[in-house]
Every structure is written in structure tokens, then in C-alpha cells.
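Residue strings, one per chain:
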Amino acid sequence: MNEKRFMRRAIELAREAAERGDNPFGSVLVHDGEIVMEDSNRVLTEDDVRRHPELELARLAVREFDAETRAETTMYTSTEPCPMCAGGMAYAGFDRVVYATSGAEIAEFTGHEPSVRASEILDGVTEVEGPFCREEALALHDSFW
């Protein structure tokens, strides 16, 4: 199933981020059944709090795709988007976002309080689905945190 392939790629990007010294988060954008962009977390290695993969892909998509194309695009991401990233995604106007692990689950690993759910921020703009391939993503986070 392609959806599993897309999510597994997002999780692999998250693994690459961790190996590079960043936090384990990765995302891909899919349009017409093909990955058109991908990114992983670079907050630590680029010393830039904005370098979450979801926000970076939203920024690049707004620059490179028209609104109609973005409205036909799905983001697969290893973790439910944080409020900052969900805000960027709302501006981009993607069709769907599919995440592997919830923000609440990641909060348990990191010791932080869970934040506003992406579905609340994206309500009426982007369909939010998840968890999907949860166990694979949780295994990565368990080995990292």
C-alpha cells in the first residue's frame, strides 16, 4: 500500500534526523501518488527553531505549488504537527495530513505538556488522520528519548 510506503519514508527521514543530531521528525509531501518533497528536522544542526519538517515543507509548497495543487496534496509525517507547523499547514491549505504518533505520545517521551492538537488548528482546512504506522514511529522515539 502506498500510504505505508509514504509513512515509512517519513519515519526513515526522522531516523536520519536523529542520526545527524536532530530530533527524530520527518515528513513527505505527496501529490498524484508521488513524493514531491521531503524533509527532516534540522532545528539543532541549523540552529533554527523553525526547521521543523512540516513547516519547511509548507513554506516550500506555498512557494512552488499553486493553491489548487496544494489542495490535492497530502503530508505524511512521523509525528502529529505541533501548533507552529499546523499553522503553516493551514496557510498552505493541504488536503490531508497523516501522522504516525500523536503529540501527546511524544510529550510522554519528552516530559513536556501536550500542546494544542493539529486537528483543532486545521479544522475546516485540512483533514487530519492518525495514528498510522504508530508502532514503527514509537519504536524510533523509544530508542531516541
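Within every chain, residues take consecutive numbers counted from 1 along the sequence as written. Where local features are concerned, this predicted model is filtered to residues with pLDDT of at least 70; where side-chain atom pairs are given and counted, the filter is 80 or more; whole-chain, interface and lining totals use all residues. Side-chain metrics in this entry use all non-hydrogen atoms of the structure; hydrogen atoms and water are not considered.

## Re the overall build of the protein
Cut-off, in case you're wondering: Strands are runs of DSSP state E lasting at least 2 residues, helices are runs of H or I lasting at least 4, and numbering of each runs from the N terminus. With the radius of gyration taken over C-alpha atoms, the globule rule is written as 2.2 Å times the number of residues to the power 0.38.
Looking only at helices and strands, one finds 7 helices and 5 strands in the protein. Counting from the amino terminus, the protein carries its helices and strands in the arrangement α-β-β-α-α-β-α-β-α-α-β-α. Against the globule reference of 15 Å for 145 residues, the protein gives a C-alpha radius of gyration of 14 Å, in line with a compact fold. The principal-axis extent of the C-alpha atoms belonging to the protein is close to 40 × 30 × 25 Å.

## Brief notes about the packing of helix α1 (residues 2–20) against helix α7 (residues 134–144)
What counts here: As a rule, the C-alpha atoms of each element are fitted with a line to give its axis, helices using only the stretch in contact, and angles between N-to-C directions run from 0 to 180 degrees. An angle below 35 degrees is read as roughly parallel, one above 145 as roughly antiparallel, one from 65 to 115 as roughly perpendicular, and any other as oblique. Working rule for contacts: check all heavy atoms of both residues, and any pair within 4.5 Å makes them a contact. Gly counts as polar in this scheme, as do all residues outside two lists: the nonpolar Ala, Val, Leu, Ile, Met, Phe, Trp, Tyr, Cys and Pro, and the charged Asp, Glu, Lys and Arg.
Contact geometry of α1 with α7 gives a least axis separation of 10 Å together with a crossing angle of 10°. Compared by their axis directions, α1 and α7 come out roughly parallel. From α1, R8, I11, A14, R15 and A18 reach across to α7, where they touch E136, A137, L140 and F144. Residue composition of the contact of α1 with α7, by class: 6 nonpolar, no polar and 3 charged.

## Quick word on the layout of surface pockets
As a reminder of what qualifies: A cavity, in this analysis, means grid points on a 1 Å lattice covering only the protein atoms where a 1.4 Å probe fits yet has no way out; a pocket is instead an open set bounded by protein on both sides within 12 Å along at least five of seven lines, and a residue lines either one if it has an atom within 4 Å of a point. Grid points are joined across faces, edges and corners, and a volume is the space filled by probe spheres set on the points.
Size it by volume and the largest pocket reaches roughly 530 Å³. Lining the largest pocket are 25 residues, with F25, H52, T79, C82 and I106 sitting closest to its centre. Within the residue set of the lining of the largest pocket, elements represented by two or more residues are α2 (53–64) and α5 (103–110). Per-element accounting of the lining of the largest pocket gives the leading share, 5 residues, to α5.

## Section: the environment of D39
Rules: Residue burial is assigned from relative accessible area. The probe radius is 1.4 Å, only protein chains are included, and a residue is buried under 20% of its type maximum, exposed over 50%, and partly exposed in between.
With respect to the element layout, D39 can be found in strand β2 (residues 34–40). Judged by its relative accessible area of 10%, D39 falls in the buried class. Linking D39 and T77, residues 38 residues apart in sequence, is a C-alpha distance of 9.7 Å. If we ignore the near neighbours within four places in the chain, the residues touching D39 are L13, G26, S27, R51, P53, E56 and L57.

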